[in-house]
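Here's the letter readout for the chains.
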Amino acid sequence: MNTRFSGRKQRMLRLKVLREGQAVPVHRQQTQDVFTKCPACGEAVAKVQLAKSLYVCPKCGHHQPVGGYLRLAMLLDHGTFQELDAKLTAGDPLHFPSYGEKLANQRRRTGLADAVVAAKGRIGGNPVVVVVMDSRFMMGSMGVAVGEKIARAANTARRTKVPLIIFCASGGARMQEGILSLMQMAKTAEAITQFQDAGGLYISCLTHPTTGGVTASFASLGDITLAEPGALIGFAGPRVIEQTIGQTLPEGFQRSEYLLEHGFVDAVVPRNQLKPTIARLLRLHSKGGTVHG
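Residues numbered from 1 in each chain as written. Predicted model: local features only at pLDDT ≥ 70, side-chain atom pairs only at ≥ 80, totals over all residues. Heavy atoms only, no water.

Asks: Sorry, what's going on with the overall build of the protein here?
Replies: A tally of regular secondary structure across the protein gives 11 helices and 9 strands. Counting every position in the protein, which comprises 293 residues, the buried fraction comes to 47%. A sequence separation of at least 24 residues applies to 68% of the contacts in the protein between residues at least 6 apart. In the form shown here, the protein has an accessible surface area of approximately 14,100 Å², with 54% of it arising from carbon and sulfur atoms. (Helix = DSSP H or I, 4+ residues; strand = E, 2+ residues; numbered from the N terminus. Buried < 20%, exposed > 50% of the residue type's maximum accessible area, 1.4 Å probe, protein only. Contact = heavy atoms within 4.5 Å. Areas by Shrake-Rupley, 256 points an atom, 1.4 Å probe, with all protein chains shown as cover.)

What follows is the structure, encoded as structure tokens:
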């Protein structure tokens, strides 16, 4: 990951990455400051080493979730980050108990306006619009603001005739916004369909977890669908399915590798290969003159 930043917009991106608490250099020597435990294998990993490996455990390969701005810093070419609709938020349309207070707390804690970040930039020199869902904000749940920002990003990509890339990470629709949240499934699907009908290339990247209404809408509409290793991908969770059908599910059910084997995704790509893989796909489609070949 290129950590050199220049210019006002790049300094802003750097500050937001640092605020996510995952790229701050370790200076103090206390054990709890220097090491962290991998949630998958339980092994202690030096925080500096984890950052260098893009938050993939060097011992077991577990891909830890990363924040939206950090993901963009990993992907976009140096100096090309331009955030879209940075201050777009939604209120409390249903006056759901304590929801307004919870939103305010989430915004203070994460520094995000809502559970998604969108930006224009370049990957391998190719212009793109990239949307990243951030599971730190209410588990990446999709409400009105999330759906609106994704739809606007698709419209921007359509107007500027550049590919659209969305990194999905969500617990599904946001119950505090009720039917207004579920309506975002149709809104995002329609915006992406219009983009694709205009000849746009949409790459959907599924990360852990991608579930619920997000899976049932824009996450599953990619012209090309990639996934990170080990990501949980599905509509309902495996425990709900087992309880509903009264059967034990196959090992690895709903994980990236299982879905690749059954044709739901096109490739499972480790995090350190995502940028070169996407750049190669963008080059191939740009050489063809159209996005659908």
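Asks: Help me understand the packing of aromatic side chains, please; the structure alone is not making it clear to me.
Replies: In this description, an aromatic ring pair is defined by two values, namely the gap between the centres and the angle between the planes. What the rule picks out here adds up to 1 aromatic pair. An angle of 65 degrees between the planes, with centres 5.5 Å apart, marks the rings of Phe-253 and Tyr-258 as edge-to-face. By relative accessible area, Tyr-258 is classed as buried at 19%. (Phe/Tyr/Trp six-rings, centres within 6.5 Å; stacked < 30°, edge-to-face > 60°.)

Asks: Explanation requested: helix H6 (residues 144-160) in the structure shown.
Replies: Turn by turn, an α-helix covers 3.6 residues, leaving residues three or four places apart pointing in a common direction. Helix length check: H6 (17 residues) gives 24 Å between terminal C-alpha atoms against 24 Å at 1.5 Å per residue, within 8%. Within H6 the residues assigned to the buried category are Ala-145, Val-146, Gly-147, Lys-149, Ile-150, Ala-151, Ala-153, Ala-154, Thr-156 and Ala-157. One or two residues past the end of H6 sits Lys-161, with phi positive at roughly 60 degrees. (Expected span 1.5 Å × (residues − 1).)

Asks: When you look at the pairing of strand S8 (residues 224-227) in this model, what are you seeing that I'm missing?
Replies: Consecutive residues of a regular strand have side chains that alternate between opposite faces of the sheet. Neither face of S8 is left uncovered, since the one carrying Ile-224 and Leu-226 and the one carrying Thr-225 and Ala-227 both have all their residues buried. Here 4 bridges tie strand S7 (residues 202-210) to S8, and the two strands are oriented parallel to one another. Within the sheet, the bridge partner assigned to Ser-204 lies in S8 and is Thr-225. Summarising the sheet, S8 and strand S9 (residues 267-268) pair through 2 bridges and their orientation is parallel. (Pairing = 2+ DSSP bridges.)

Asks: Just checking my understanding: could you explain the nonpolar core for this structure?
Replies: Residues Ile-123, Val-130, Leu-164, Ile-203, Phe-218 and Ile-278 are the most contacted members of the largest nonpolar core, which totals 74 residues. Among residues more than four places away in sequence, those in contact with Ile-278 are Leu-75, Ile-123, Ile-165, Phe-167, Ile-203, Cys-205 and Leu-226. (Core = buried A, V, L, I, M, F, W, Y, C linked by side-chain atoms within 4.5 Å.)

Asks: What is the right way to read unusual backbone geometry from this model?
Replies: Most peptide bonds are trans, and most residues other than glycine sit at a negative phi. Of note, the amide linkage connecting His-208 to Pro-209 takes the cis form, showing an omega dihedral of -15 degrees. The residue Pro-209 is located in strand S7 in this model. At Tyr-55, a position not held by glycine, the phi torsion is positive, near 65 degrees. Mapped onto the elements, Tyr-55 comes out in the loop between helix H3 (47-52) and helix H4 (68-75). The phi dihedral of Ser-98 falls on the positive side, at around 70 degrees, and the residue is not glycine. Within the secondary structure, Ser-98 is located in the loop between strand S3 (82-84) and helix H5 (99-110).

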